[in-house]
Amino acid sequence: MNEDILKVIDEWSNRHPIGITYSSVSEEAQFVINRSISELGYFPIQFEDARCDTSLSLSESTKATTSTDTFDILEVSFSGEYLVLSYNGREHSISPNNIDSENLRKVMESILDTPKGNLQSEQTNAAHDARTLIFNPTTKSIKIATGFNVPLLILKSGIEFLNGYLTFNGELYEASNASNPSIPFGSFGNYIISRNEVINTRTNKVSYNTSPIICIWDKYIIYADGSLSDTTLTWKSKISNTPLDYVIEDDKLYILDLTSYFYIVNLKTRKTLYSEHFEGATSISVDEGLIAIETPHGTYKISGNGSQKTFSAKHSLQNNTDNEIDASISASREMKIISEPFYPTIAGITKNIFGFFSSEHFLGERVLHFFIKGSKIYILTDVGTWIKNLPD
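Residues numbered from 1 in each chain as written. Predicted model: local features only at pLDDT ≥ 70, side-chain atom pairs only at ≥ 80, totals over all residues. Heavy atoms only, no water.

The helix and strand inventory of the protein chain stands at five helices and 34 strands. In the protein chain, which comprises 392 residues, the share counted as buried stands at 47%. As displayed, the protein chain has an accessible area near 19100 Å², and 46% of this comes from carbon and sulfur atoms. (Helix = DSSP H or I, 4+ residues; strand = E, 2+ residues; numbered from the N terminus. Buried < 20%, exposed > 50% of the residue type's maximum accessible area, 1.4 Å probe, protein only. Areas by Shrake-Rupley, 256 points an atom, 1.4 Å probe, with all protein chains shown as cover.)

If you walk through the whole model with that rule in mind, you get 19 aromatic pairs. Their ring planes at 85° and their centres at 5.6 Å tell us that Phe342 and Phe356 sit as a pair that is edge-to-face. Remark: Phe356 occurs in strand E30 (residues 355-358) and Phe342 occurs in the loop between strand E28 (340-341) and strand E29 (349-352); sequence separation between them is 14 residues. The two residues Phe342 and Phe356 agree in class, both being buried. Counting every residue linked through ring pairs, the aromatic cluster contains Phe31, Phe148, Phe161, Phe357, Phe362 and Trp386. Above the ring of Tyr223, the side-chain terminus of Lys236 is found at 4.0 Å from the ring centroid. (Phe/Tyr/Trp six-rings, centres within 6.5 Å; stacked < 30°, edge-to-face > 60°. Lys NZ or Arg CZ within 6 Å of the ring centre and 35° of its normal.)

The next point concerns the sheet that holds strand E7 (residues 141-146). For sheets, the rule is that strands pair by backbone hydrogen bonds, running either parallel or antiparallel. With mixed pairing, the three strands of this open sheet are ordered in space as E7-E6-E8. Strands with a single pairing partner mark the edges of an open sheet, and in this sheet they are E7 and strand E8 (152-154). Each strand axis lies, on average, 25° off the axis of its neighbour in the sheet, ignoring direction. Pairing of strand E6 (residues 131-136) with E7 involves six bridges; the strand directions are antiparallel. (Pairing = 2+ DSSP bridges. Axes fitted to C-alpha atoms, helices over the stretch in contact; angles between N-to-C directions.)

One finds Leu74, Phe148, Phe262 and Trp386 to be the most contacted residues of the largest nonpolar core, which totals 78 residues. In this structure, Phe168, Phe185, Ile193 and Tyr223 belong to the second largest nonpolar core, which totals 17 residues. (Core = buried A, V, L, I, M, F, W, Y, C linked by side-chain atoms within 4.5 Å.)

Let us look at the environment of Gln308. For Gln308, the location among the structural elements is in the loop between strand E26 (298-302) and strand E27 (309-313). The spatial distance from the C-alpha of Gln308 to the C-alpha of Leu290 is 9.3 Å, given a sequence separation of 18 residues. Setting aside residues no more than four positions away along its own chain, Gln308 makes contact with Lys301, Ile302 and Ser303. (Contact = heavy atoms within 4.5 Å.)

This brings us to helix H1 (residues 3-13). Within H1, burial applies to Ile5, Val8 and Trp12. All buried residues of H1 fall inside an arc of 60° around its axis, so they share one side. Elements that come into contact with the buried residues of H1 comprise helix H2 (27-39), strand E2 (42-46), E6 and E7. The residue sitting at the N-terminus of H1 and contributing the capping side-chain oxygen is Asn2; that oxygen lies 2.7 Å from the backbone nitrogen of Asp4. (Arc of directions from axis to C-beta. Polar contact = N/O pair within 3.5 Å; in protein donor to acceptor, adjacent residues only side chain to side chain.)

Where strand E1 (residues 16-23) and strand E3 (residues 73-78) come together, five bridges link them in parallel fashion. Bridge pairing in E3 places Tyr22 opposite Val76. In the sheet, E3 pairs with strand E4 (residues 83-87) via five bridges, with the strands oriented antiparallel. Bridging across to E4, Phe78 finds its partner in Leu83. Two successive antiparallel strands, E3 and E4, enclose a turn made up of four residues, where Gly80 displays a positive phi of approximately 105°.

With that out of the way, let us pick up the pattern of salt bridges. Across all of its chains, the model carries 10 salt bridges by this definition. For Lys7, the salt bridge goes to Glu3, with nearest N and O atoms at 3.9 Å. Here the residue Lys7 and the residue Glu3 both occupy positions in helix H1, the gap between them amounting to four residues, near one helical turn. Owing to a relative accessible area of 42%, Lys7 belongs among the partly exposed residues under this scheme. Asp251 is paired through a salt bridge with Lys268; the nearest N and O atoms lie 3.7 Å apart. Of the two residues, Asp251 sits in the loop between strand E20 (243-249) and strand E21 (252-257) while Lys268 sits in the loop between strand E22 (261-266) and strand E23 (271-277), which places them 17 residues apart along the sequence. The exposure class assigned to Asp251 is partly exposed, which follows from its relative accessible area of 37%. (Salt bridge = Lys/Arg side-chain N within 4 Å of Asp/Glu carboxyl O.)

Summarising the model, the protein chain shows a mean pLDDT of 85, and 83% of its residues fall at 70 or more. Every residue in residues 117-121 scores below 50 in pLDDT, and together they form six contacts with partners more than four places removed in sequence or on other chains. (pLDDT = per-residue confidence, 0-100.)

Bringing the packing of H2 against helix H3 (residues 101-111) into the picture now. Contact pair H2 / H3: the axes reach a minimum separation of 10 Å and the direction vectors enclose 60°. As judged from the angle between their axes, H2 and H3 are oblique. Crossing angle aside, the handedness with which H2 passes H3 is right-handed. Across the interface between the two elements, Val32, Ile33, Ser36, Ile37 and Glu39 of H2 pack against Leu104, Arg105 and Met108 of H3. Taken together, the residues that form the contact of H2 with H3 break down as five nonpolar, one polar and two charged. (Parallel < 35°, antiparallel > 145°, perpendicular 65-115°, else oblique. Left-handed = near helix turned anticlockwise from the far one by under 90°. Nonpolar A, V, L, I, M, F, W, Y, C, P; charged D, E, K, R; others polar.)

Right, dumping it as structure tokens:
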């Protein structure tokens, strides 16, 4: 086994182990709790009755199978109203609305013992520099990274991780550059393009973008003021107000802005083919060749040139079947963390008080920038680069 991997295992094995079981707690919430426990200097080991697919035991690549009799056990459950944590006869309840990093840490400190053999403050300081083993089940490979504060992270299907910052053209910056806000999208011809500036590599002249770049999608650049350009930087057009959601497909840009206006733009001619206001619109997506626009009242579906439009109203709970109602009630009993979408919604990423997640997979606390290339999205966060497949 690689010597560096053995060192990481040794670092975590020297900590005081604590067993954890979960009941009715979402994977996302489980990760947040496990991370908080690790930051207090413990070695969290999750047992079989937990629902999380990401084990935190270094001895197994799946959930721990060791008898719980050998560990102190922290039981975490959701009652439907409160998150309940029980440990060695001590119990604490906390409302999901009051869960943030500070409150969660205070609760953990109040019910957990000081790790044996070391002062908790020393263990806590070491936790912030702790390294994590990241296992990819598809490639059977293990990488080492920092910034996660858990022993082991198992990647889900369809997502890759690089311990560094990848550019559009394949250059890799070291992870230590995370504090550098000017990590570029990449080199394009004679230009190095970053979120806020462009460097001409022939003249070394630096020019500043009048509006920050929010995304590079293949060869097109989308700016925060609703302008559109491409990576040759030979033209720039004002398309909309500040973009909310957007999709590029088949040489067309579909864009919804913050004022609830929706636009269809032919990228070859840069002409607006269609525009309309949809009150309260929250997102757009491509559905069988049509563009679906979600609003509080229902979903509009529009053809690629705007010539056809249909509307489906949202059904009230009274119109749902008994099975749908039962499923809704069951889902409400599982503790989740309040999240909001990260745009574009095609990325499948949400943001909450603890950071950014994809299918309840922690991505980091900050997004530096992202770009889309072909069928993949590349998200650069404070911990490294995540590569996700876009939906078909």
